Amino acid sequence: MTYREDVEGIDASILMHPKVWEASGHVENFTDPMIDCKQCKSRYRLDVLGDQINEKKKKKAVEALKENNAGLVSKIDSILAGPDESENFENLLTDDELGSKLLPELNCPQCGNKGTFTAARKFNLMFKTFIGPVEDSGSVVYLRPETAQGIFVNFLNVQSASRQKLPFGIAQIGKAFRNEINTKNFLFRTREFEQMEMQFFVKPADDKKWFDYWKEERINWYKSLGMSGDKLRFHDHPENKLAHYAKEATDIEYLFPFGWGEMEGIHNRTNFDLSKHEEYSGKSLKFFDEEAKEKYLPFIIESSAGASRSFMAFLLDAYYEEEVKGENRSVLKFHPKLAPIKAAILPLVNKDGMPEIAREIEKDLRRNFKVFYDEKGAVGRRYRRQDEIGTPYCITVDTQTLEDKTVTVRDRDSMEQERIPIDKLSEYLAKKLID
Ligand code: GAP
């Protein structure tokens, strides 16, 4: 965001007026279909129940479904022939007509009993709390389930303060909260997570052009930070699965150890949100186009990334175990821009003035870079410790430093070392981190 002149940043509220969530459709539509096991009281999201049932049992249940519903066999077969095999069972379960017939054929993944599921019910994912001392329906507020709405309601404030013209974007990073029924896969599905969202406001006629632009731009962002291209893909949403606000949508997915999973959604939200906020607030959110001399609601192209999910994907993608000269090393090959520590400064030995020089280097570099000083243990072990946390460069003060004021800089991935004058270190690191 900070590298672009056409995107502004904000930090909107977590608690907003409850009408914001009525206007956005979240009170009515932000629901997951939920079922309970009557026997053991376990609760599941209907659309992901299939993930917890093995293939053999699913096949058996589908056979029973066909046997008991001869008239629906062609419908069942056409759903099972869907383009994405991994979604076919979910599509059967969430089909209005077939879901209720398939459920009695399934065993509860927790207690193993068959035919114990309740019918599906809608469960709203927003966390509720109350403003003020009285806990009644008039004082309900919601913890934001997405950062996006804070951008929409502030759209004209930001536009007029920054004097941006269309097309331009507003971005923010911040916490979002969802009362997920089944959290799972470490950071993949949590109830509190970090989103990085950007809403790009465009002329309505240009929506397709900008949707395609942001699709490419966003997948290239992951690649530019070193993520393996063969573990990235788009998953376009079919029309019948679009969110209530979207005209076109695609996910950027990563191949996690548990399968393909969404890291980011790119949506054409049209002028749905702005028109709803106008309607509910009674205030115009129209943009005045000076060139065309007309007022209109822009269309919005959204890129909505999970910071926690993409963090997990970068972490997994960077992890390697390697054999080096007969020894194993674990290494996180983070792109230097992502590495939490950019360089470690290590005196070769703890004497001869080396620690003092190393401390001076650390003090100097710390003004611009996150660095780490370590003098404990053999230098080889210190290198390994830095490899494990993904530090791209290790700067070592050795005997030659005492003679010519140069140090070695070891590259984490190639493990090669080069000698650099101490007074050129800052420039050296800056270049490596920008490239
Ligand atoms: N403003 C649109 C929006 O919020 P979303 O697809 O519901 O769209 C966007 O969420 C991103 O937020 C997802 O791609 C994912 O990375 C992240 N996300 C959503 N729910 C999450 C959860 N329960 N835990 C962690 N990340 C989540």
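Reading guide: rules and limits
All residue numbers refer to positions counted from 1 along the written sequence of the respective chain. Totals for whole chains, interfaces and linings use every residue, but because this is a predicted model, local features are given only for residues with pLDDT of at least 70 and side-chain atom pairs only at 80 or more, for both listing and counting. Based on all heavy atoms of the structure, the side-chain values leave hydrogens and waters out of the count. Each helix is a run of H or I in the DSSP string that is no shorter than four residues. Each strand is a run of E no shorter than two, and both are numbered from the N terminus. Three exposure classes are used, based on accessible area relative to the maximum for each residue type with a 1.4 Å probe and protein chains only: buried under 20%, partly exposed in between, and exposed over 50%. In this charge count, Lys and Arg are treated as positive and Asp and Glu as negative; neither His nor the chain ends contribute. Every charge is mapped to an atom, namely NZ of Lys, CZ of Arg, CG of Asp or CD of Glu. The criterion for strand pairing is that DSSP finds at least two bridges linking the strands in question. Residues are counted as near a molecule or strand when any one of their heavy atoms sits within 4 Å of it. We call two N or O atoms a polar contact when they sit within 3.5 Å, provided that within protein one can donate a hydrogen and the other can accept it, with sequence-adjacent residues counted only if both atoms are side-chain atoms. What sets the accessible areas is the Shrake-Rupley method with a 1.4 Å probe; for residues, cover comes only from the shown protein chains. A cavity, in this analysis, means grid points on a 1 Å lattice covering only the protein atoms where a 1.4 Å probe fits yet has no way out; a pocket is instead an open set bounded by protein on both sides within 12 Å along at least five of seven lines, and a residue lines either one if it has an atom within 4 Å of a point. Grid points are joined across faces, edges and corners, and a volume is the space filled by probe spheres set on the points. Each residue is assigned to one class: nonpolar for Ala, Val, Leu, Ile, Met, Phe, Trp, Tyr, Cys and Pro, charged for Asp, Glu, Lys and Arg, and polar for all the others, Gly among them. We call two residues contacting when some pair of their heavy atoms lies within 4.5 Å.

Novice: Report on the overall build of the protein chain, specifying residues and quantitative values.
Specialist: Scanning the protein chain for helices and strands turns up 15 helices and 21 strands. Taking the principal axes of the C-alpha coordinates as reference, the protein chain spans close to 85 × 65 × 50 Å. Each of the 435 residues in the protein chain was classed as buried or not, and the buried ones make up 47%. Here the protein chain contributes 66 positively and 74 negatively charged side chains, and the mean placements of these two sets differ by 3 Å.

Novice: Please provide a residue-by-residue account of the pairing of strand S20 (residues 406-411), values included.
Specialist: Within S20, five of the six residues are buried, leaving the element largely enclosed by the surrounding structure. In this structure, strand S19 (residues 393-397) lies alongside S20, joined through four bridges in antiparallel fashion. The partner of cysteine 394 across the bridge, within S20, is arginine 410. Where S20 and strand S21 (residues 417-421) come together, five bridges link them in antiparallel fashion. Bridge pairing links arginine 410 to glutamine 417 in S21. Counted along the chain from S20 to the antiparallel partner S21, the turn is five residues long, and its residue methionine 415 has a positive phi close to 65°.

Novice: Give me the lowdown on the site of the ligand, citing residues and values where you can.
Specialist: Surveying the vicinity of the ligand reveals 22 residues, the closest of which are Glu146, Glu180, Thr190, Glu197 and Glu262. Here threonine 190 contributes a backbone N or O atom positioned 2.8 Å from a nitrogen atom of the ligand. Take glycine 306: an N or O atom from its main chain is 3.0 Å from an oxygen atom of the ligand. About the coverage of the ligand: the protein hides 93% of its 560 Å² of free accessible area. Those elements that place two or more of their residues in the shell around the ligand are strand S8 (192-202), strand S11 (259-270) and strand S14 (299-306).

Novice: Describe the layout of surface pockets, and please don't skip the residues or the numbers.
Specialist: Quantified by volume, the second largest pocket comes out at close to 1,100 Å³. Around the second largest pocket, the lining comprises 29 residues; the ones closest to its centre are Met1, Met196, Arg218, Trp221 and Leu225. Among the elements of the structure, strand S7 (168-177), S8, helix H9 (207-224), S14 and helix H11 (307-318) are those that each provide at least two residues to the lining of the second largest pocket. Of all the elements, H9 adds the most residues to the lining of the second largest pocket, at six residues. Taken together, the residues of the lining of the second largest pocket break down into 18 nonpolar, six polar and five charged.

Novice: Talk me through unusual backbone geometry; I want residue IDs and the actual numbers.
Specialist: Going from leucine 166 to proline 167, the amide bond is cis rather than trans, its omega being -5°. Of note, proline 167 is situated in the loop between helix H8 (155-162) and S7. Unusually for a residue other than glycine, lysine 325 sits at a positive phi of about 45°. With a phi close to 55°, lysine 405 is a non-glycine residue in the positive phi region. Tracing the backbone shows lysine 405 in the loop between helix H14 (399-404) and S20.

Novice: Can you break down helix H10 (residues 272-281) residue by residue, with the values?
Specialist: Looking at H10, one finds that the buried residues are Phe272, Asp273, Leu274, His277 and Glu278. Tucked into the core, H10 has its buried residues touching helix H1 (18-23), helix H7 (148-153), H8, S8, S11 and S14. Immediately downstream of H10, the backbone of glycine 282 shows phi near 75°, a positive value.

Novice: Which residues make up the pairing of S7, and what values go with them?
Specialist: Every other side chain in a regular strand lies on the same face of the sheet, so the side chains alternate between the two faces. Of all 10 residues making up S7, eight are buried, and the element is well covered by its neighbours. Relative to S7, strand S1 (residues 7-9) is paired through three bridges, and the arrangement is parallel. If you follow glycine 9 over to S7, its bridge partner there is alanine 171. Bridge count for S7 against S8 is 10 bridges, and the pairing is antiparallel. Directly across from phenylalanine 177, in S8, lies its bridge partner glutamate 192.

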